[in-house]
Amino acid sequence: MNWNGEDLDLDAYLARIGFTGDAKPDLETLRALHRAHLASIPFENLEIMLGRLVYLDPAALQAKLVQQRRGGYCYEQNLLFAAALERIGYPVKGLGARVRMGATELRAITHMLTRVTVEDGQEWLRDVGFGAQGLREPIPLRDGIEVRQGPWTFGLVSEAGGVLVLRSQRPGGWEEIYAFTLEERYPVDYVVMNHYTSTHPRSAFVHRPVVQRAAVDTQRSLIGMRLSIEHPDGTRDERDVQEGELIDLLAREFGIELRAEDAARLIRMCGAGA
């Protein structure tokens, strides 16, 4: 096994995401698990803001995301989900992507996603760790595919060199999310990526809180101290968040409840310009 599925408390994980169906390795279950995970576990980088290392071993992932009912960013989310899928019986292969999102220069491979094979042999792109603008469900891993997921539409297109680009359709046209190849990645690769993403001074995750949630009909984000709720028609509700409301807002909008000492430390860090 590559994803430590044998070390996962599957019942505790399924309870955490509210999944009560028959966990068997078919497409229906894959879709349902993907939706349930997104609805229950938010995207967040608060451990970095609290001055801690981000650990990716199975015990740490279960302690934080399952037992403490916290969230995490791509490596935490997708490694936990990969362990669950492996435990259920899905073949899972790791991939790595270059985030685009309007970038004007080539970015490093820093995002984790996976491909999953279902019972008919078809491969699906699966990613519960991108945040508010990511997939709501898996999509077929096939060039030219376009899939409607609630009010959101996603697609894959190919480029030279075996590159595939995940896109989302916005009111102004298609927007690129990330680009990837089918080169297989392994857990050790994500350890290296995680070290850069959680410690390098140029990383987008070390200077400010990044908290997101992908709901059925909204994309909810807290970047720094700015709350944004985007709707499918492209309109946004935005406002600045005051220090005194930060902790209640994390609980109310994102389902993140911090321990008292962590809450106090986070407020200090944000007040210092984190």
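Reading the values: rules and limits
- Note that residues are indexed from 1 along each chain, following the sequence as it is written.
- The predicted origin of the model limits local features to residues at a pLDDT of at least 70 and limits the giving and counting of side-chain atom pairs to 80 or more, whereas totals for whole chains, interfaces and linings rest on all residues.
- By convention in this description, side-chain values take in all heavy atoms of the structure and omit both hydrogens and water.
- At least two bridges found by DSSP between two strands are what make those strands a pair.
- The way it works is that DSSP assigns letters per residue, a run of H or I at least four long becomes a helix, a run of E at least two long becomes a strand, and they are numbered from the N terminus.
- Stacked, tilted and edge-to-face are the three classes assigned to paired rings of Phe, Tyr and Trp, where Trp is represented by its six-membered ring and a pair needs centres within 6.5 Å; plane angles under 30 degrees give stacked, over 60 edge-to-face, the rest tilted.
- The cut-offs for exposure are 20% and 50% of the maximum accessible area for each residue type, with area from a 1.4 Å probe on protein chains only; residues under the lower value are buried, those over the upper are exposed, and the others partly exposed.
- Note on criteria: charge over ring means Lys NZ or Arg CZ within 6 Å of the ring centre, with the direction from the centre no more than 35 degrees off the ring normal.
- Any carboxyl oxygen of Asp or Glu that lies within 4 Å of a side-chain nitrogen of Lys or Arg is treated as forming a salt bridge with it.
- Throughout, a contact is declared for two residues whenever any of their heavy atoms are within 4.5 Å.
- Here the axes come from fitting lines to C-alpha atoms, over the contacting stretch only for helices, and the angles between their N-to-C directions go from 0 to 180 degrees.

### Considerations on the sheet that holds strand β11 (residues 219-223)
Strands in a sheet are paired, the pairing made by backbone hydrogen bonds, and the direction either parallel or antiparallel.
So, point 1. One open sheet accounts for five strands, arranged β1-β10-β11-β12-β13; its pairing is antiparallel. Unpaired on one side and paired on the other, β1 (43-44) and β13 (236-240) mark the two borders of the sheet.
So, point 2. In this structure, β11 lies alongside strand β12 (residues 226-230), joined through five bridges in antiparallel fashion. By the bridge assignment, L222 is partnered in β12 with L227.

### Focus: the packing of aromatic side chains
So, point 1. The tally for this structure, following the rule as stated, stands at seven aromatic pairs.
So, point 2. Ring plane angle 45 degrees and centroid distance 6.0 Å describe the contact between F43 and F205, whose orientation is recorded as tilted. Of the two residues, F43 sits in strand β1 while F205 sits in the loop between α6 (187-199) and β10 (210-214), which places them 162 residues apart along the sequence.
So, point 3. Each ring, one from Y178 and one from F180, has its centre 6.1 Å from the other, and the planes form 65 degrees; the classification is edge-to-face. Pair check on accessibility: Y178 and F180 agree, each one buried.
So, point 4. In this arrangement the basic side chain of R167 is found over the ring face of W174, its NZ or CZ atom lying 4.3 Å from the centre.

### Description of the pattern of salt bridges
So, point 1. Tallying each qualifying case throughout the model produces 19 salt bridges.
So, point 2. Of the charged contacts, one joins R185 and E183 as a salt bridge, the two residues approaching to 3.4 Å between their closest N and O atoms.
So, point 3. We classify E183 as partly exposed; its relative accessible area is 46%.
So, point 4. Connected through salt bridges with shared partners, the residues E44, E47, R52, R70, R259 and D262 form a single ionic network.

### Considerations on the sheet that holds strand β7 (residues 152-159)
So, point 1. The strand order β5-β4-β3-β2-β9-β8-β7-β6 describes an open sheet built from eight strands, whose pairing is antiparallel. Each end of this open sheet is capped by a strand with a single partner; those strands are β5 (139-140) and β6 (146-149).
So, point 2. Summarising the sheet, β7 and strand β8 (residues 163-170) pair through six bridges and their orientation is antiparallel. The residue of β8 that forms the bridge with V157 is V165.
So, point 3. Relative to strand β4 (residues 123-126), helix α2 (residues 27-40) is tilted by about 5 degrees, and along the sheet it contacts β3 (111-117) and β4.
So, point 4. Contacts from helix α5 (residues 74-88) reach β2 (92-99), β3 and β4, with the element oriented near 15 degrees to β3.

Just distances and angles here, no functional claims.
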